[in-house]
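In case you want the letters, here they are:
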Amino acid sequence: MTANGYNKEALSQIIGDFDARPEMLVQILQALTKRIGWVPEDAVRQLADELNLSRADVHGVVSFYHDFRTTPPGKHIVRICQAEACQAMGSRELTTHAEQMLGVPMHDSNDDVSLEPIYCLGNCACSPAVMIDQKTYGRVSTQRFDELVDALREGN
Amino acid sequence: MATKVFVPRETSAVSVGADNVAVAIAREAKKSGESIELVRNGSWGATWLEPMVEVDVGGVRIVYGNVSEDDVAGLFASGFLAGGEHAKRVGPLMEIPYLIKQDRWTFFRCGLIDPLSIDEFRKTQGFNAIEKAFEIGAEAVIESVTASGLRGRGGAGFPAGIKWRTAADTHSDQKYIACNADEGDSGTFSDRLLMEGDPLCLIEGMMIAGFAVGASKGYIYLRSEYPLTHSILERAIAKARESGWLGEDIQGSGFDFDIELHLGAGSYVCGEETAMLESLEGRRGVVRAKPPLPAISGLFGAPTVVNNVVTLASVPNIVNLGGARYASFGVERSKGTLAFQLAGNIKRGGMVEKAFGLTLRELIEDWGGGTASGRPVKAVQVGGPLGAYLPIEQLDTVLDYEAFSAIGAMIGHGGIVVFDDTVNMAEQARFAMEFCAIESCGKCTPCRIGSTRGVEVIDRMVADVDREANYDLLVELCNTMEDASLCAMGGMTPYPVRSVLKYFAEDFASPRGIEA
């Protein structure tokens, strides 16, 4: 499974890693998301078949949790904490800055990046906090944000 | 002999560059031919000093604070391996008031040791409590936890001993321990500090709970926002298994216990215990009506003890030192210690484990040093997004569960978020409703619909449309949500809203708040 690439055999293998236990659905969806970044409609059908659940069951779980997307994300996911501790340290201003700098409104994506809210990274003594892909950053001033994004772009 | 140098592998420290500092220290040591042993410890919780590097100089740990990778060459040049002077030198660890004035009961090992070393854990009383539990028996363990007065540290404050007793007395072939590590409240990170700094302590606490109530399986439900914590817990569980402290017939005791680590998926309401159980069963995190209590019919219908991380991690020392010793800390019905977390606009943010009974002012001023911005404090939110906003007039309130409840507030999980005078409180009240609308599981109407209507009503008030009529409507809406919601999400969202109406009503007068 490469970027955006849903592959039936690979998903079967993930399901097998969790012994096809239906109660592991959230864990399986996390593993799939880690691998390809989103949950395609075909995956929902396959999960329902192989876990002996209804498609409504699987769809219900996918749509309930913020971590599961039904569209492919950008190459990188930038999440800015919107919760109170970060608000107290200027996360609203940082968010406005990020939308302008990345050219993407909150909740939206382009090929390079998805910009998403997140409610608390547990880094509340180093607010404002940002998560880029799976890494957490603290004390993120607008200047530090720009540096982090520049580093991301250079890495591309 | 190699000099021990400690650099935390902990989310906050790493978020401000600790990994780069560790790499730079290793590189510089090699370059200068110095022999060092680099230990990636947990954090002591003095987060404002992170990345906080310690050097063991003849048994005394010398602290260097806010170290960046660019400082490292200079530190070596200043002889920091011998505790040398440098602008970043703070002094001996045991002379830092922020740390030594605490009552470290649950977090005593956090920062001290390599969290993934079974050997160091054993050398600091690790697994002594489970061994003692095997000796004294399940009944005595439950008695000890009951005598300690320990209450659930997740926020609800339910007595742990009663919960354990209920699960122990319910007959079933299968019982479970479910550790709630879905620490979603803004301003809280003590669960994370514990899991990253002393994961084996949590494992031991879960084992003791399992032994006490007759459960052979434990689950940890960890929020997905904590990827570093996940990797540390995974390794700690694997190490415990390899060394025979998890699995079948633990250390020849005849007791079987194992732990399965589950990830959440970004839902706040899954921190509510019954929603968490649904999520552990692979479903939408929709809350269940109670009764039945989870201790009688919980995960997969089996008796389940659901406890927060800090609750479970407080147990080993209660078993080791006795419930009475724990109960000697604290006041009234709030016994023992709580890990208070200073967050938001605060100069010295971090975690302070302290016996109940001190005041909010002591924490914010003595420990926290006031705001980070240097401006006056305007409001303090205690207990996460469902907690009240308190004005400075309330800062002398004593930190105890009942004293907070008496002023319409709650201590919750101990998070304290400070705001300076630039905050517009109408905006914060709106956010409380908005957050509830985003995170509501949708099961009950007051929460699902009330939160959306709440945002609309506040918007009208701020826009000065029928302000008085809308004020009355908002109060009525708060009453309905509080009285008729199934769980704390809808039932307590009115707390922050009401507190803004009560203490900061003037902020509704203008969308620009204090600048008006």
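Residues numbered from 1 in each chain as written. Chains lettered and ligands numbered in written order. Predicted model: local features only at pLDDT ≥ 70, side-chain atom pairs only at ≥ 80, totals over all residues.

**Considerations on the overall build of chain A**
- Along the backbone of chain A there are seven helices and five strands.
- Across chain A, helices and strands are ordered from the amino to the carboxyl terminus as α-α-α-α-β-α-α-β-β-β-β-α.
- Here the C-alpha coordinates of chain A stretch approximately 50 × 30 × 25 Å along the principal axes. (Helix = DSSP H or I, 4+ residues; strand = E, 2+ residues; numbered from the N terminus.)

**Comments concerning the sheet that holds strand β8 (residues 258–263) of chain B**
Residues and elements named next belong to chain B.
- Read across the sheet, four strands follow the order β8-β7-β6-β9 without closing on themselves; strand pairing throughout is parallel. The open sheet terminates on both sides in strands that have one partner only, identified here as β8 and β9 (304–308). Shown here is a sheet whose adjacent strand axes are inclined to one another by a mean of 20°, direction ignored.
- Across the face of the sheet, helix α11 (residues 227–242) comes into contact with β7 (217–222) and β8 while running at roughly 165° to β8. (Pairing = 2+ DSSP bridges. Axes fitted to C-alpha atoms, helices over the stretch in contact; angles between N-to-C directions. Contact = placed C-beta atoms within 7 Å.)

**Quick notes on the domain arrangement of chain B**
- For chain B, the assigned domains are domain 1 (3–100), domain 2 (118–327), domain 3 (330–420) and domain 4 (425–515).
- In this structure, domain 1 of chain B and domain 4 of chain B have C-alpha centres spaced 46 Å apart. (Domains from an automatic or database assignment.)

**What to know about the packing of helix α9 (residues 190–197) of chain B against α11 of chain B**
Residue and element names in this part refer to chain B.
- Two elements in contact, α9 and α11, have axes whose closest approach is 9 Å; the angle formed by their N-to-C orientations is 40°. The orientation of α9 relative to α11 falls into the category oblique. Both α9 and α11 take part in a crossing whose hand is left-handed. In this structure, α9 uses R192, M195 and E196 to contact α11, whose residues at the interface are L228, T229, I232 and L233.
- Counted by class, the contact of α9 with α11 contains four nonpolar, one polar and two charged residues. (Parallel < 35°, antiparallel > 145°, perpendicular 65-115°, else oblique. Left-handed = near helix turned anticlockwise from the far one by under 90°. Nonpolar A, V, L, I, M, F, W, Y, C, P; charged D, E, K, R; others polar.)

**Some details on the environment of L399 of chain B**
Residue and element names in this part refer to chain B.
- Here L399 lies in the loop between β15 (389–391) and α16 (401–406).
- Through-space distance from the C-alpha of L399 to that of G414 is 9.4 Å; in sequence the pair is 15 residues apart.
- Beyond its immediate sequence surroundings of up to four residues, L399 is in contact with F356, G357, L358, T359, L360 and I411.

**Side note on the confidence of the model for chain B**
All names here are of chain B.
- Averaged over all residues, the pLDDT of chain B equals 96, while 99% of them reach at least 70.
- Low pLDDT (under 50) marks residues 511–516, which in the prediction has eight contacts with non-local residues, meaning those over four places away or in another chain.
- Here the complex is predicted with pTM 0.97, and the ipTM for its interfaces comes to 0.97. (pLDDT = per-residue confidence, 0-100.)

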